[in-house]
Structures are given as structure tokens and as C-alpha cells.
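Spelled out from the first residue to the last, the chains are:
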Amino acid sequence: MTFGAAAFLLATLAAIIPVILHLINRQQAKELPFPTLRFLRLSVEKTRRRRRLQDLLLMFLRMAVLVFIAVGLAKPTLTSLAALMGGGAATAVAIVLDNSGSMSVNDEGRPRMETALRAVEQILNQLQVGDQVALFVTCGPNFPEEGKFDRSHEKVRQLIGILQGSFERADLSAEIEAARRLILQSDAPNRSVFVVSDFQTVSFPELSKEHPGGPGTEEPSKTGPSGTAEAQSSQTTEQAPGPGRELSEEERRTLRRIPVVMVDCGRNPRPNVGIVNVEAVTPVPVARVPVYTTVSLLNASSVPQQRAVTLFANGVKAFEGPAINLPPGEVVPYQFQFTFREGGIQRCEVRLVGEDGSPVDDRWYFSMEIDMGVPVAIVVPQVHEIPFLDESFYLENALLAAGGGLRVNKILASQLGAEPLERYKVIFCVNIPALTGEALGRLSRFVDSGGTVFWICGADVDPTSYNQMAEESGGLLLPTRLVQVRDARQATGRDSFRVSWIDPEHPVLRLFTEPASLYQSVLIYRHIQVASEEGEGGRVLARLDDGEPILVEKRSGRGTVLFWGSSAHLGWTNFPLRPIFLPLMARLTFELAGTQERRYQVAAGRPIVIPFEDQIPPRVAEILPPSGAVIRKELKPDGEAVLREFRYSDTHQPGFYVVRLLEGVTPRQMTFAVNFHPDEVRPEKIDRKALEEHLAPSPVVWAENPEDLSSTFRYLREGTSLWEFFLLLVLVGLVCETFVSNFFTPKQERPPLAAEPLRRLRRMPETLVSR
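Since we're looking at a predicted model, the values are computed, not measured. (Residues numbered from 1 in each chain as written. Predicted model: local features only at pLDDT ≥ 70, side-chain atom pairs only at ≥ 80, totals over all residues. Heavy atoms only, no water.)

A.B. asks: For this particular structure, what's the right way to read the side chain of Arg486?
C.D. replies: Here Arg486 shows up in strand 24 (residues 482-487). When sequence neighbours within four positions are dropped, the list of residues in contact with Arg486 reads Ala491, Phe497, Tyr525, Arg526, His527, Gln529, Asp546 and Glu548. (Helix = DSSP H or I, 4+ residues; strand = E, 2+ residues; numbered from the N terminus. Contact = heavy atoms within 4.5 Å.)

Set out below in C-alpha cells:
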């Protein structure tokens, strides 16, 4: 405890005044013997002892009142946290500045980030020359000045001059822990940690598991200028204990004297609506096919709002819809559909119409790879004048019915050797004789380089010739060995076999497993039996009711081959006439062509990761960030024999990142969409009591006003004023003194004025009688 006006403590000497008065009142008068009163001596002795105790109690109460008045005038303060800012002694301060996405919210007329930067400047202005200060920033790229003590304060001032709000999610728990461990290494007598934030619940993942994260859920990381990920704590490993080491008992005792000052910049935010997710789904990613889109909107305010959505594709407005009602605190889906008119990489941006509390969460980016039409070839033995007589008649019409998503070209088997097959994604070989010569070589190279061949049987398919063709191709062209032509009537005496099972794990076939009548109504009159022994390498996708495989798939080289054991016309099966035929063949073709929807997106601050799996890794990568600059990197394994993945972590700015993997076996280009972290839209604040328990044993101080920290600095410098407490004691003492004094004062009993005349009147007759 300290005193702001210690001279007033001399006034405590006034406490002797009641003592002097007490001694004066105790002066005894000269005793004179009076025989008549000798019988009262015993009663007076008892009363004197009780009176003496009462006088002592009153004396002590009056002394206490005078002492309390003197101490209160001396301005006493509680100094358990005093002298922590200034006061002449050396000071060390660690500042944790939250620049996450929620700090861009407009609060009390200005962005929270602006209020936070002003608060940091106030803290710096309280420091003296030579005091130590370190700055920890929660998000964005690492700077050399972060997490290191600076005695000149200039580097920290320069850093806050260029800092801006980010689009990322913060991990305040980790930053506060790093700051406390750094401050323990300082030998300054006055030490403290300041945390400037809006204290969202999502910023303390250790205290709340309610919102684990949005897209790209890797742990928050800071990145250096080169774009490689590195933990924030790596900046301070030479100065502070490792974050994984438990604090010693001595360090925990030291933390009891190091307060953590919380500067809350989240007070009265402007009503805000943010986009937390966008789902765009299409049956097949080709032009002129509808894209069904759902935009999830979160009303982060306490009042209902109305917002509309627009969509831009490659900079051109593709959709604009009406406003919808958004109840407070709820996520509402906004659904619509649109189509792409052209193929290629489509860069899409969803925008909220109008202004609200935060502009950074009003946009969402996503990209889609759209084809103008998948090139497909159908190889036939001959072309009939009557189209219906072609073996591929039903197949061709099923593929053409895919709404322009497939571009079908019919080729004669005799022309296959001269056809440039590399321009096709899928080649259907429908009832053609076994290939030889140049045609065999071209088709084998097509499969080996990643193409897909789909064999469909018929009368011209000879099992022996096909097996010989497969051997000449090195096993590339067939998924399994063919056995013989099998007729249902000859094999079982029945008119047909029936398809009784399809693979429920296949990405396309699983869509047709219910109801079972879709595939069980397919009848097979004749088919080519295939070997089903284990070890053939093929995967059976469909079986007949007697267990024989009818559809087999196999990965060959870098491509795929499939074998349908029956025909695509009406001679061997009723398959082309069944409802399952058209959608199954169309979807299966899109799947085999590799045109299933692929979207690449991450949250801001999360790394872009591209695994190489079993492929030969590229040697060079080019990255085109939203800024338009071209970043070229040589890919070299780091301590490993083979490079297993590509990782790029400088994703702090939302937008589109184009990644080109060059100088590899197969060059690749992918477009990643980086978005504002959706968790930052959620307004829930951390419970203060839970946070104080989490930071124990450090005392926690909450600043009253982030725009004016003078009262907080005064509290840290002077401590807690006890003037009000001592004033209360004075009032209590005066009340008690008055009560006790009145209670102990003897009361003299006097008869009522009307009683005496009445007694005299009553005695008057007795007097007269006696006379």
C-alpha cells in the first residue's frame, strides 16, 4: 500500500484527543464521609466498573474515526499491481495485437482495427526510453520485428504503421502464451502483457470447440516472405522457453506478478451479414448444364435484416436475385441456379448487395473447370444405311442425349490406325474384330497415356483373337481373359440371365442401386464369359444371377479399360431398352473422362497443398496470386528421397491462385479459390471468467475504454484507490459512536406531570379524617 499525500498521516496524532478527554473525565472529586449514603457504596462500585468499560469502548471508536479520516486524506492505494507502467523503474511490455478478420467490423463509428492500433500507440506513449517492448501479431505474414524486444520502440512503431486487418482466423491462446513466455525472460522489474482484440470465442480454440473451422481446417500458421509455413513461436525460440515445455514453479510464481491487460475493441458493432459458405453442384461440369448454387448467409446481428446476392462469372454478371429475410443469429440458405455458356476455367465470385458492418465477408470466390463437351469416339465395324441397324445406334443416341456435354464422333475400325486418338477422352469399341498392326499400337499408347477404352461385345468378338490382342498389347487393352460365348438357353435352359448385382461402392453405379428393379430388369440372352479368378487385376462392377461377371474394369498403365460382356443392341440383351441405359451410359462416360467436378479452395492463411501421390513430381512450380505477380519455385525434396507434395502458404489475400506444375511428366494447372475465414463472421465473445481461469496464475485486468486507456495506466501505475473504503469506515464509525453513546447514557425516570396532583387529591380525605 502506498499513499498519495503521506503528510496527512500526521493527522493520525489526533487520535490522542479522545484519550486526553477520557483522562480528564476520570479525575476524581475529594471524598467526604457522609453517613447516610454508606449503604449505597456497594452499588456504586458495581456501576463504576461497567461505566469504565463503556467509556473505553467510546474512546476507541472515536480514536478509530480520527485515524480513518487521517488515512483517507493521505490517499491510500493498493499496490499489488502498482508501478507496472513507468514509475522510474525499467519496464518490459509484450503486446498481442489481433488483426483477424473480425477486426474489420465497423464498431462505434470506425473499424475495430483502427481502434486497436490507436490503443497500441497509447501503450507505446507510456513507455520511457530504454523500456523493452515486443509486438505479437496474430495473422498475416511474419515480420522480422515480431516477437522480439525493442528498446528504441521505432521498429514496433514502423510495424504498426503498415499493419492492416487480415482475412484470417486468429489463435489468441497461442499468441498470449508466447508473449507470457517471452516476458518471463526479461529482467525488468516492471513487466506486463497487453492483449488488444475483440475477444471472439473462435479466437480461443482451447476454450471453445464449437466452431472447429471452415474450409481448409489446418491449424493457423504464420508465413515468411518466401511463402513457406512456419509457426509464430519460431520467432522467439531463442528468447523464450519452448511452447511445449511446462512452466516451472518459480516461473508460475513470477507470473502472479505479471498482469495480462485486456483491451476489448468489440463494443457496439454495426449490424453485419456475412457469407459463410457457397456450394455449387452440377450433374456434369460442362457448358449449358445447370449449376445449382447454395449461398449460406449468417446474420451476425441481433436484428432482422434483408440481403440480396449477385454472382459474377469471369467478371460478367451471371445472376442477380431478390433480397431475402435473415432472422438474427441464424444461417439462412440462398439458393439459385445458373449456367456457363463457355468452357474452360470459370472464376466465380458471389457478392452481397448493399453495405453492412464488415465489407470483407461480403464476397466468396470459387472456381470450376467446365468443358464445352467431352470428346468421345465410337469405333464400329461398319456404318449401315439404316441407322437403326448400326451396333452403336442406342449407345450413340444415349450419349447425344447428354445435353451437349458429350461430343460424339463415329470411326470405322479400319480407320483407327490413322485417327489421332489423343484428342479423345473415351473410346467405345462396339463389336469390332480384334485389332492388329498400327491400330493396336495406337490404342495401346492411348490407354498407357491415360485414356479410357470401353469394349462392348457382339457377334464379331472372338475370345481367342481378343486374348491374343491383349497379349500383344502387354495386357493393356483387356481387363481380364475372355473364355467363351455363353448362351442362356444352352447353358441353363432359361431364356435369359438377369443382372442381379452392381457395385455399390462405384461412384456412378451407387447412384442406381435403388430401386433394385433398375438393374434387375436388365436381361442378358447371350454374353462372353470372362475369367473371374483372383489375381487377374480386374474389378467386377456387375454380375449375373448365376454369379458370372458381366461388367469388369481395370487400371491399365495410366488409363482404364472396361469390358461389357454383352452387346449394346437388341440381339444379345434388352439393356438398351431399359430406363437405366441412357443415364448410366452418360454418367459413366463423364466419370471415365475425368470430368467429375473438382473444386480447389482454402481459407485465407491456410496452405495450398498438392499431393503427388504415385506420380513423378515436377521440378518447377509457378504461382500466380491475386496480385498478378508470377512466383517461380524450384521443387526440391527436403530431407526425403522423393518430393511427395507441393505446399504454398502465402495465401493471406483472398482471390484466385493459379498453380502451374511444370517440367514434369504431365504438366498441370489448377486454380485455387482463397476466401475470408467464415468463422470470423460469428460474433460470440469469450466468457471473461473462463478466460481469467485459463490465464491463471497471471492477474487479468480489463480496460474500461480502448480509446482512452488513461484510467488503466493509472491503475497499473498507482494501484487501487482505497479512499472510498476509508470514507465508508469513517461513516460507519460515526454511526456506531452515536449509537453506542446514546445506548450507554443513563436514563432518568421522572413521573408524569399530571400524576402528582392526582396523588395529592387522593390523600386529602385521609388527612381530613385523621384530623
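Next comes the rest of the description.
A.B. asks: So what exactly am I meant to see when it comes to the sheet that holds strand 29 (residues 549-556) here?
C.D. replies: Within a sheet, each strand pairs with its neighbour through backbone hydrogen bonds, oriented either parallel or antiparallel. The sheet built from nine strands is open, its strands ordered 21-20-22-23-30-29-28-25-26 with mixed pairing. Each edge of the sheet is formed by a strand with only one pairing partner; in this case those strands are strand 21 (406-412) and strand 26 (523-524). Here strand 25 (residues 497-502) runs beside strand 28 (residues 539-544); their pairing, made up of three bridges, is antiparallel. What sits directly across from Ile502, in strand 28, is Ala542. Packed onto the sheet, helix 8 (residues 437-448) meets strand 22 (426-430), strand 23 (452-456), strand 29 and strand 30 (559-564) and runs at close to 125° relative to strand 23. (Pairing = 2+ DSSP bridges. Axes fitted to C-alpha atoms, helices over the stretch in contact; angles between N-to-C directions.)

A.B. asks: Which parts of the structure should I look at to understand the packing of helix 7 (residues 393-400) against helix 12 (residues 581-592)?
C.D. replies: If you want to describe how two helices pack, look at the angle between their axes and the distance between the axes. Where helix 7 contacts helix 12, the axes come no closer than 9 Å and their chain directions differ by 70°. Judged by the inter-axis angle, helix 7 sits roughly perpendicular to helix 12. The two elements helix 7 and helix 12 cross, and the hand of that crossing is right-handed. When helix 7 is examined against helix 12, the residues Tyr394, Leu395, Ala398 and Leu399 are found in contact with a partner set consisting of Phe581, Leu582, Met585, Ala586 and Thr589. Taken together, the residues of the contact of helix 7 with helix 12 break down into eight nonpolar, one polar and no charged. (Parallel < 35°, antiparallel > 145°, perpendicular 65-115°, else oblique. Left-handed = near helix turned anticlockwise from the far one by under 90°. Nonpolar A, V, L, I, M, F, W, Y, C, P; charged D, E, K, R; others polar.)

A.B. asks: Looking at this structure, how should I read the environment of Ala593?
C.D. replies: Relative to the assigned elements, Ala593 resides in the loop between helix 12 and strand 31 (600-603). Of the residues examined, Ala593 reaches a relative accessible area of 9% and is grouped as buried. C-alpha separation for the pair Ala593 and Val374, spaced 219 residues apart in sequence, amounts to 7.2 Å. With residues up to four places along the chain from it excluded, the contact list for Ala593 reads Val374, Lys425 and Val426. (Buried < 20%, exposed > 50% of the residue type's maximum accessible area, 1.4 Å probe, protein only.)

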